[in-house]
Each structure stands twice: as structure tokens, then as C-alpha cells.
Amino acid sequence: RNMRAAMALLILVASLLPFVRISLMAWGHAWVGETRLWSLLAMLLLDGWLLLVVWAFALTKAPSLARALGLSGRRRLRLVGQSLRSYVGLFPWVFGLLWIMATLCQRLGIQPPLEPIHELLFEEDRVLVVALTVVLACLVGPIAEELFFRGILFAAIRTRSSRLIAILVSSSLFAAVHTNLVGFLPIALLGGLLASLYERTGSLWSSIVVHIVHNTF
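Residues numbered from 1 in each chain as written. Predicted model: local features only at pLDDT ≥ 70, side-chain atom pairs only at ≥ 80, totals over all residues. Heavy atoms only, no water.

Visitor: Can you lay out the packing of aromatic side chains for me, pointing to particular residues and giving the numbers?
Guide: Within the structure shown, the criterion is met by six aromatic pairs. For the ring pair F154 and Y198, a centre distance of 6.2 Å and an interplane angle of 65° mean the geometry is edge-to-face. Taken together, the residues span a long stretch of sequence, with F154 in helix α6 (residues 127-158) and Y198 in helix α8 (residues 181-201) at a distance of 44 residues. Judged by its relative accessible area of 2%, F154 is buried. Grouping aromatic residues by their ring pairs yields a cluster made of Y87, F91, F95 and F217. (Phe/Tyr/Trp six-rings, centres within 6.5 Å; stacked < 30°, edge-to-face > 60°. Helix = DSSP H or I, 4+ residues; strand = E, 2+ residues; numbered from the N terminus. Buried < 20%, exposed > 50% of the residue type's maximum accessible area, 1.4 Å probe, protein only.)

Visitor: I'd like a rundown of the packing of α8 against helix α9 (residues 204-216), residues and numbers included.
Guide: Where α8 contacts α9, the two axes come as close as 7 Å, and the packing angle between them is 155°. Classified by the interaxial angle, the pair formed by α8 and α9 is roughly antiparallel. Considering how the two elements wind past one another, α8 and α9 form a crossing that is right-handed. Seen from α8, the contacting residues are L190, L194, L197, Y198 and T201; seen from α9, they are L204, S206, S207, V210, H211 and H214. A breakdown of the residues in the contact of α8 with α9 according to their chemical character gives six nonpolar, five polar and no charged. (Axes fitted to C-alpha atoms, helices over the stretch in contact; angles between N-to-C directions. Parallel < 35°, antiparallel > 145°, perpendicular 65-115°, else oblique. Left-handed = near helix turned anticlockwise from the far one by under 90°. Contact = heavy atoms within 4.5 Å. Nonpolar A, V, L, I, M, F, W, Y, C, P; charged D, E, K, R; others polar.)

Visitor: Give me the side chain of D47: which residues, what numbers.
Guide: As for its placement among the helices and strands, D47 is situated in helix α2 (residues 35-59). In this structure, D47 is buried with no salt-bridge partner, the nearest side chain bearing the opposite charge being R150 at 11 Å. (Lys, Arg positive; Asp, Glu negative; His and termini not counted. Salt bridge = Lys/Arg side-chain N within 4 Å of Asp/Glu carboxyl O.)

Take a look at the structure:
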């Protein structure tokens, strides 16, 4: 029930963002008319709301956020080190799968749209906008996504189904909200690794650090 409520709240907030943009423009805030700036603000708002939802959800399960989401424990460095080694082993497969998908699209004449985050990084020349984009992509985004997709979504599915089903469903949803058709399978594969790390270690530190490293790289 709590999981459904959290998802409904996120969908509601996402659906209201266009109306927020129209209202700001009507009040004379012309800068929101810039697609890139609005994309950055929208992503920051969604990640911020995501963190609030996770925090509220976690506090219904345990007296502290760290305990509820597996962020406590003494073996953090050891778990993170093991997880990074797993990531290094998987990365060639992620990269290879991405290359295969890109090659297939090129052969078929398909031109996937550029993701908003890539557009902000590679086509924007304002230093502040680029800096905020890097913070979003390499820190805020990975933390918010791991708290939600592994800490809540994967954990909720896992209590009702097998490990394989929980990994497949959570990683597919993770990929679906992230990318276009070309990147779906590589991102789903990464999501599967992140879910496996959380399942194996019982700590979100592992998946958070790997996610940060991957996005930064």
C-alpha cells in the first residue's frame, strides 16, 4: 500500500510540472521558457521530491532512515570495494551492449533523441548550468534513484516475489525512466547489478557508490 502511494505521488508531481512551468511563465518568469533550464529545474525538483518520499516511507519502517534503508553498518568500505570490483567486471558488457544497440540503430537509420541531461552537458556553455547538471547527474540523481529503486521498489517487490523477478522488474523500470530505446538494455543490465549488490550486501552504500562512479565515468 505504501509503495503504491509513493508511486502515485511521484506520478502526480511529474504530471503537475508542466502546469508549474505555465504558471511561472504567466507570472513573468520568462527564463522557464528555456527548455534546457526548465529540464534541469524539473529534474532537480523530481529528485528532491523523490528524496522526501523515500524519507517519509522509510520512517514508517524503522526509527532511523539509515537503518530502514540499509545505510548503517561497520563494513561499508569493504562492501564498497567488493561492489566496485563487480562493477569493473560488468562494465565491458554494459559498454558492449550499448555499442551493439547503437550500431543496430545506425544500420536501421534510427536516430534516437538526445537525452536532456546529455544536451545540458554537451551543448550548454553557461558554467553554472553545466556545474548544476554535473551535481545532478553525478551525486543527487544517483543517491535519489538508489534510495527509491533499490531501497523501496526492489525491496517491496522482493518481499512478494523471487529475487529474479524483483531484479527484472525493478531494473526494467529503472531503465524505462532513464533513457531511450538505445540505452534501455545497457541501463537495465546496470540496474540488475545494482539490485544484486543491494540484495547481496544488505546495504545501499554499495549500489550508491557504484551508481555515482558509473555516472561520473
